[in-house]
Structure formats: structure tokens, C-alpha cells
Amino acid sequence: MIPLNQRALSALPSGKNLFNYDRSQVRAGIVHLSVGNFHRAHQAWYIDQLLNHSGNTHWGICGVGLLDDENERLKRDVFAAQDNLYTLTRYKNDGSETHQIIGSIVSYLFAPDDRRAVLERMAAPEIRIVSMTITEGGYNQEPGTGRYQIDHPATQAELADPDHPHSAFGFIVAALRLRRARGIAPFTVMSCDNLRHNGRITHQAVMAHAEALDPELAAWIEENVTFPNAMVDRITPAVLKEDALPIDEASGIQDALPVISEDFAQWVIEDRFVNGRPYLEEVGVQFVEDVGPFELMKVRMLNAAHSVLAYPGQLAGFNNVRDAITNPMIRELVDIFLRRDVAPTLPAPKGMDLDIYRATIIKRFSNPHIIDRLPRITGDGWSKLATFLAPTFNHVVEEDGDVTRMVFVLACFIRYLRGVTDDGQDFEPFEPQMPDTERETSRRDALSLSVFQHFNLHQRPSIVSEIRRWEERIGRQGTLKALERLLDG
């Protein structure tokens, strides 16, 4: 295998999927905060394609690592050794694969090593977009209300010393402060997280942080900075150590940080950029006036289908999405849920057919090479179910429709919180957003958890009783036997 770095590119065998642009001529126009697998499989992949088109060399990416932990320090060291190159392996549904070297990240800064260097880079005039993938937990939202937690001790520490930020919002506000002081045009702030209304949430967080620091700065940001909403989609499983070696052997390239994804990708962005933007429509990105219908479709269909599949799947002992969806009963549950429960409640976005989208979801879940492990999907159900499932549930209830399938999923979620599979194997539910006061409750009387307020269960005693009956049935018969009864009923 050939070790991956810039010098080694000329030694790659012919036929390798390699960018055709002169990387030495590419300059960063985007700073991206928190360079995780999804960013490298999605946004950086799109930019890599764009750089193959002439006239775009000013749209490279400067990656920034924010957290000071073992994984991020490893990433810092590997990116330095590999000249910020990495391989992306994309798997099609037919099992074929494409190994591609991505060169769009042209520099990388590790904030804990030099926070000032990150701020100066973000304040440079050539940086016209600051984007981020910081996951839902990085938005510093108060559980239940979604408000930016300005009183959080870490946020207060940043406000007391704004020249040495730690969080994404601390860096964004501090960099905008520098640009304003120096008379430099602001950048667009663009969330690339799988979070509905991500632009609006980002705007609220930045404004709250800026207002607490300097009301005049906040007013300037409000007038001059844009925060486009975006919908992002590409299944990007974690790459475990046992996954990496077969990927390297198949590609012939020794990469210490390979990424894998499905072949499908989608990116829909509101066309609101204050300081120019890359012409990503040349590589398949959709720019629209309102991303809302696309977000709604994805959240209530794809994201909800993941949960509908994952909770019964994990309880039944399946390891990953593909194994679960190939079970005929779980596949039927997902299909009927999408077709009967969700699709009738949604407006189809322009140019989209919901029936085709439903079939595409099931096809994507069935990809034999995308080992997307169920604990990743079931994790943080306390947050996810309120967003992904509750709106459809409430709509169907209000229309006097059949919520049996969703009741079954909620019963599975309650069983999941107990941390035991049908065959008695213990596991630890991953619920980082669940309040500490509710953790013990989750194992004793889960239906009293605040998450169920989103389902208005306090007003629906008959549905509460039905959830309890399905939970007891799952406990007695096992998940798949209970599901068989549901589908037969």
C-alpha cells in the first residue's frame, strides 16, 4: 500500500479516482469548524468536485479542530502527515465501490494549540464562508426550550475572555468582531448539521452570544451577516479500526483516517450568502428560496424511518441498519409507516416524488456495504423522537388516524431505555441530552419522561394504555413476535 501524502500522488496506479486540479493553486475561502466524517464525506466531497471545474481555486477549505481530546489530536497529527488528504470510499447499492482521494481541505488548524491563529484565519478577507458540523449537542441549547444557554459556565468563561474562545459560537462572534473592527466584510455562517432549521438555530445562537458580549456588535451582525438554512443527506457510518484495514487494502492506499459513505448525496441550501458563494449547482447542489419542505421531508421520512427501524432492530439483536431492514417484518413496518402514516401528512417539495423518495430510503438502508450500527441510530432518542416522530404522531392523532405503528415504536423506545435486548444482552443506552433527573426514571416509569410531552400523552390516556400493552407484549413475547402480531392485526 502507498502511504497517503501529496508527494505520493504521482506514484498512484493509473485509474485511481484522483482530483484533476492543481492543489498548490487552491486557496481557502471557507473555514469549517469541526472536521468530522460527515463533513469529509459530504461538504468537502462537493467542494472537491467543484475544484475540478476551472475558476474555483479560491473555494478550498481550511478545517478547524475545536475539541481537545484523543480523537481530535489524532486527526491533527494525521492531517499533518497526510498533507490534509484522505480517501473517501463510496458504496453503491449493487455492492460496487469507488475509492476517491479528496484534496479540498488545503489546511488544518487545531484550535487548542493556537486559538489566535484560528481567529486570524477566520478574520482574513479571503474567508467568505464559515461552516460547521458540530452535531446537535454543539448548539448549546437548553433542553425543552431550545434557547441558547448564555448562563452556561463555559459560555460565561468565553464571554469573560472573548479573545480565547472554545466553542464554535465563541469563535464565530470573536472573528466577526475582528472583521468589524478592521473594516472587513463579514462572512456567511452556514450550518451543515443534520438539524432542522439549522440556519435559524445558528442565527439565534450567534445573536445571543454577541448580544451578551457587545450589543453594538450584535446589531452589526444582525444587519450584515446571513445564516442560510440547509438540508444535508448522506449516510456516513463511523469507521472502526477493524473497518480501516480492508478499506486500505481495497484502495491500495494507506490512510490513517479513511471515510466511507453511501453513493447517494443531497444538499439543499437557501441562496442567502452575504459575501459570495461557490457555484455548487455545477456539482448537483440545489439552491432554493425555502429549504423548509426539503427539511420536513427528510426529517419525517428518512430520519423517522431510521428510528422506526432501529429501536425494534436493536431489541431483536440486530447489529446494523442493513441487517434490520432485511428482516421482512421490520422492512414492512418501515414501508407501511412511510406510505400510510407520513407521506399523506407532507407537501412534496418541488421536483420531488414522495413515493420515489420512500422507495429510495428503503433501498439506501439495504446497502450491503454500509454497516451503519444501530446504537448510533438509537442514541439520543430523547432528542430525536421529539423532532422526527412526534409531529407525524400528533397529526395522525388529530385526524383520528391509526397510530398503532408509532405506538409500537414508542413501546420499543421504552424497552430500549432499560438497556436489555430480547435475549438478555445488556447494553448502555446513549442519551446525552436526557436530564440527569430523568435517568433513573427512564428505567422505572419511562412514560413520565418529559420527552413524551411532545406527544401530548398527558391528554391521551387511551394511547398511554396502548403503549403499556405493547411494551408488556414485547417483554413477554420478544420484539419480532410482537411485531408479527401488529402486522397481522
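Thresholds, definitions, all that
Residues numbered from 1 in each chain as written. Predicted model: local features only at pLDDT ≥ 70, side-chain atom pairs only at ≥ 80, totals over all residues. Heavy atoms only, no water. Pairing = 2+ DSSP bridges. Helix = DSSP H or I, 4+ residues; strand = E, 2+ residues; numbered from the N terminus. Axes fitted to C-alpha atoms, helices over the stretch in contact; angles between N-to-C directions. Contact = heavy atoms within 4.5 Å. Buried < 20%, exposed > 50% of the residue type's maximum accessible area, 1.4 Å probe, protein only. Arc of directions from axis to C-beta. Polar contact = N/O pair within 3.5 Å; in protein donor to acceptor, adjacent residues only side chain to side chain.

Another point: the sheet that holds strand E10 (residues 230–233). Read from one edge to the other, the open sheet built from three strands follows the order E10-E13-E14, with strand pairing classed as mixed. Here the strands that pair on one side only, and so sit at the sheet edges, are E10 and strand E14 (286–288). Sheet twist, expressed as the average angle between the axes of neighbouring strands with direction ignored, equals 15°. Here strand E13 (residues 266–270) pairs with E14 via three bridges, running parallel. Residue Glu270 lies in a different strand from E14, and its bridge partner there is Val288. Across the sheet, helix H10 (residues 292–315) lies against E10, E13 and E14, angled at about 40° from E10, the strand it touches most.

Take helix H9 (residues 241–251) next. Owing to its 3.6 residues per turn, the α-helix aligns residues three or four sequence positions apart on the same side. Within H9, burial applies to Asp243, Ala244, Ile247, Asp248 and Ser251. What you see down the axis of H9 is that its buried residues fit within an arc of 130°, all on one side. Every exposed residue of H9 that faces more than 90 degrees away from the buried side is listed here: Glu242 and Glu249. Where H9 is buried, its residues contact strand E5 (86–91), strand E6 (97–102), strand E11 (253–254) and strand E12 (259–262). Just past H9, the residue Gly252 takes up positive phi, approximately 80°.

This paragraph deals with the environment of Thr188. With respect to the secondary-structure elements, Thr188 resides in strand E9 (residues 188–191). In this structure the C-alpha to C-alpha distance between Thr188 and Ala348, which are 160 residues apart in sequence, comes to 29 Å. Contact partners of Thr188, with chain neighbours within four places excluded, come to Arg128, Ile129, Val130, Thr226, Pro228, Arg272, Phe273, Val274 and Asn275. Engagement of the side chain of Thr188 in a polar contact is seen with the backbone nitrogen of Val274, the distance being 2.9 Å.

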